[in-house]
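Observations on the three-dimensional arrangement
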Amino acid sequence: MTTILQDKRKNPSNKQKIKVEKGSIPGNPHDSLFKQFVDKEEYAINFLNELLPNNVKKIIDLSTIKIENTEFISSKLNKRIADCLYLIKSKDKATNFLIHIEHQSGFDKNIDKRVSDYSNAITQKYSKKLKDIIVINMVVYNQKPSQKIPSFFDDSNYPEIKKQYYNKPINIFLDEISQEKLQSLGISGASLYLLAQKKDSKFINKVEKFFDYFHQAINDDFKHGNLYNESLFNYISYYIDENDHDKVNQILSERFENNQLEVLMRSIAEANYEKGKNAGIYEGIEKGVEKTAVNMLKTKK
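Overview of the structure. (Residues numbered from 1 in each chain as written. Predicted model: local features only at pLDDT ≥ 70, side-chain atom pairs only at ≥ 80, totals over all residues. Heavy atoms only, no water.)

1. Some details on the overall build of the chain
Within the chain, the regular secondary structure consists of 13 helices and 6 strands. For the chain, buried positions account for 34% of its 301 residues. Put simply, the chain shows about 19900 Å² of open surface, and 50% of that area lies on carbon and sulfur atoms. (Helix = DSSP H or I, 4+ residues; strand = E, 2+ residues; numbered from the N terminus. Buried < 20%, exposed > 50% of the residue type's maximum accessible area, 1.4 Å probe, protein only. Areas by Shrake-Rupley, 256 points an atom, 1.4 Å probe, with all protein chains shown as cover.)

Next up, the structure:
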């Protein structure tokens, strides 16, 4: 249906009348106009060549550009539609750059979070089929604001901390924490020490040091109801080589009283049972308890 304009000079009593075919005006004319160009490869190349940072432009091969489907499903199964997404190869063809463009006609304080959500969803989708991917996000505004662009980081009492660690984990390596620091943490430090050790042929030596380092913490846990010791001994027994069982019995017998050993026997027997079950050997746990008890008592004598 065509648009009909009535000239006020011919009909001064009537207001200008406009009839528009349904659907001919887009819901968001800003986005519609923007996408007219960025959705075409030739214009996209020119756009990116002008606006991408130089350190990115010198790596990528814009001739490999592919316009990707911008509708994808996030890990939470919420449909997300990005404005534009390009897949571009690096010049050495080893890396895949996914350049996501979001157009903003106004200012949304949640844009940082939304872009981050898009980035995570893009990574999740493409990492399944491409080995080396780098996601780059660009937000294109119609005008630069006179004031700072609002951000959802600003809602916090500590915006800089929130921004620094948002979507960026703090990496902790347990094997880099000093023995002294772990000892100062008591029984929780004992568990961290065990987790940090490689489960190799030398694990038995580390176990012996473990009982020297954390003997006081283990005894304290016995006094407070043995809340964590069973888990610790269960873990040790699971990873100890069968050839080192006698050595473990000796280590324990030299350091703990009979009433404490009884508690430890069951933990060790349960760990041995689980290890055997995982290997396809289904033996009764009571048999495991009996065997462990006999060996420990022999060592104690």
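We are not done yet, so read on.
2. Regarding the side chain of serine 237
Mapped onto the fold, serine 237 is located in helix α10 (residues 229–239). Polar contacts involving the side chain of serine 237 include one to the main-chain carbonyl oxygen of phenylalanine 233, which spans 2.9 Å. (Polar contact = N/O pair within 3.5 Å; in protein donor to acceptor, adjacent residues only side chain to side chain.)

3. Side note on the pattern of salt bridges
Inspection of every chain in the model, using the stated rule, returns 7 salt bridges. Residues lysine 113 and aspartate 117 are paired through a salt bridge, measuring 3.3 Å at the closest nitrogen-oxygen approach. Residue lysine 113 and its partner aspartate 117 are located together in helix α4 (residues 111–126), separated by 4 residues, close to a single helical turn. Two residues, glutamate 208 and lysine 247, come together in a salt bridge whose shortest N-O distance is 3.8 Å. One end of the pair, glutamate 208, is in helix α8 (residues 203–213); the other, lysine 247, is in helix α11 (residues 245–255), with 39 residues separating them in the sequence. Lysine 247 gets classed as partly exposed once you look at its relative accessible area, which sits at 30%. One connected set of salt bridges, linked through shared partners, spans Asp212, Glu254 and Arg255. (Salt bridge = Lys/Arg side-chain N within 4 Å of Asp/Glu carboxyl O.)

4. Side note on the pairing of strand β5 (residues 96–104)
Burial within β5 is extensive, with 9 of its 9 residues counted as buried. Burial along β5 is two-sided: Asn96, Leu98, His100, Glu102 and Gln104 and Phe97, Ile99, Ile101 and His103, pointing in opposite directions, are all buried. As paired strands, strand β4 (residues 84–89) and β5 are joined by 6 bridges and run antiparallel to one another. Residue cysteine 84 lies in a different strand from β5, and its bridge partner there is isoleucine 101. The turn joining β4 and β5, which pair antiparallel and follow one another in sequence, is formed by 6 residues; a positive phi near 65 degrees is taken by lysine 93. For the crossover from β5 across α4 to strand β6 (residues 133–141), the handedness is right-handed. (Pairing = 2+ DSSP bridges. Right-handed = clockwise from strand over helix to strand, strands pointing away.)

5. Observations concerning the packing of α8 against α11
One way to put it is that α8 packs onto α11 with a least axis distance of 11 Å and a crossing angle of 10 degrees. It follows that α8 is roughly parallel to α11 by the angle criterion. For the pair α8 and α11, the contacting residues are Ile204, Glu208, Phe211 and Asp212 in the first and Lys247, Val248, Ile251, Leu252 and Arg255 in the second. Tallied by class, the residues present in the contact of α8 with α11 amount to 5 nonpolar, no polar and 4 charged. (Axes fitted to C-alpha atoms, helices over the stretch in contact; angles between N-to-C directions. Parallel < 35°, antiparallel > 145°, perpendicular 65-115°, else oblique. Contact = heavy atoms within 4.5 Å. Nonpolar A, V, L, I, M, F, W, Y, C, P; charged D, E, K, R; others polar.)

6. Let's talk about the sheet that holds β5
Taken in spatial order, the 4 strands of this open sheet run β1-β4-β5-β6, and their pairing is mixed. Bordering the open sheet on either side are β1 (66–67) and β6, each of which pairs with just one other strand. Running at roughly 150 degrees to β6, α4 makes contact with β4, β5 and β6 of the sheet.

7. Examining the nonpolar core
Nonpolar side chains in soluble globular proteins tend to be buried together. Counting 25 residues, the largest nonpolar core has Phe210, Phe211, Phe214, Ile218, Leu252 and Phe256 as its most contacted members. At the level of secondary structure, the elements contributing two or more residues to this core comprise α7 (187–196), α8, α9 (215–223), α10, α11 and α12 (258–278). With residues near it in sequence (within four places) discarded, isoleucine 218 still touches Ile187, Phe210, Phe211, Asn229, Phe233 and Phe256. (Core = buried A, V, L, I, M, F, W, Y, C linked by side-chain atoms within 4.5 Å.)

8. Overview of the pairing of β6
Here 9 bridges tie β5 to β6, and the two strands are oriented parallel to one another. Paired with leucine 98 across the strands is valine 135, a residue of β6.

9. Topic: the packing of aromatic side chains
Scanning the entire structure with this criterion turns up 12 aromatic pairs. With a centroid separation of 6.0 Å and an interplanar angle of 25 degrees, the aromatic rings of tyrosine 193 and phenylalanine 210 are classed as stacked. Of this pair, tyrosine 193 sits in helix α7 while phenylalanine 210 sits in helix α8; the two residues are 17 residues apart in sequence, bridging distant segments of the chain. Cation over ring: lysine 199 sits above tyrosine 239, and NZ or CZ is 5.5 Å from the ring centre. (Phe/Tyr/Trp six-rings, centres within 6.5 Å; stacked < 30°, edge-to-face > 60°. Lys NZ or Arg CZ within 6 Å of the ring centre and 35° of its normal.)

10. Topic: the environment of isoleucine 236
If you trace the backbone, isoleucine 236 turns up in helix α10. Looking at isoleucine 236, the relative accessible area reads 2%, which means it is buried. A C-alpha to C-alpha distance of 7.5 Å links isoleucine 236 and valine 207, two positions 29 residues apart in sequence. Once residues lying within four places of it in the same chain are set aside, the contact partners of isoleucine 236 are Leu194, Phe203, Val207, Phe210 and Phe211.

11. Some details on a nonpolar patch on the surface
Side chains of Tyr158, Ile161, Tyr165, Ile170 and Ile172 sit close together on the surface and give an oily, nonpolar patch of about 580 Å² of accessible area. Following the sequence through the fold, isoleucine 170 ends up in the loop between α5 (159–165) and α6 (179–184). Residue isoleucine 170 is classed as exposed on the basis of its relative accessible area of 57%. (Patch = residues over 30% accessible without salt bridge, like charges linked within 9 Å, V, L, I, M, F, W, Y side chains within 5 Å.)

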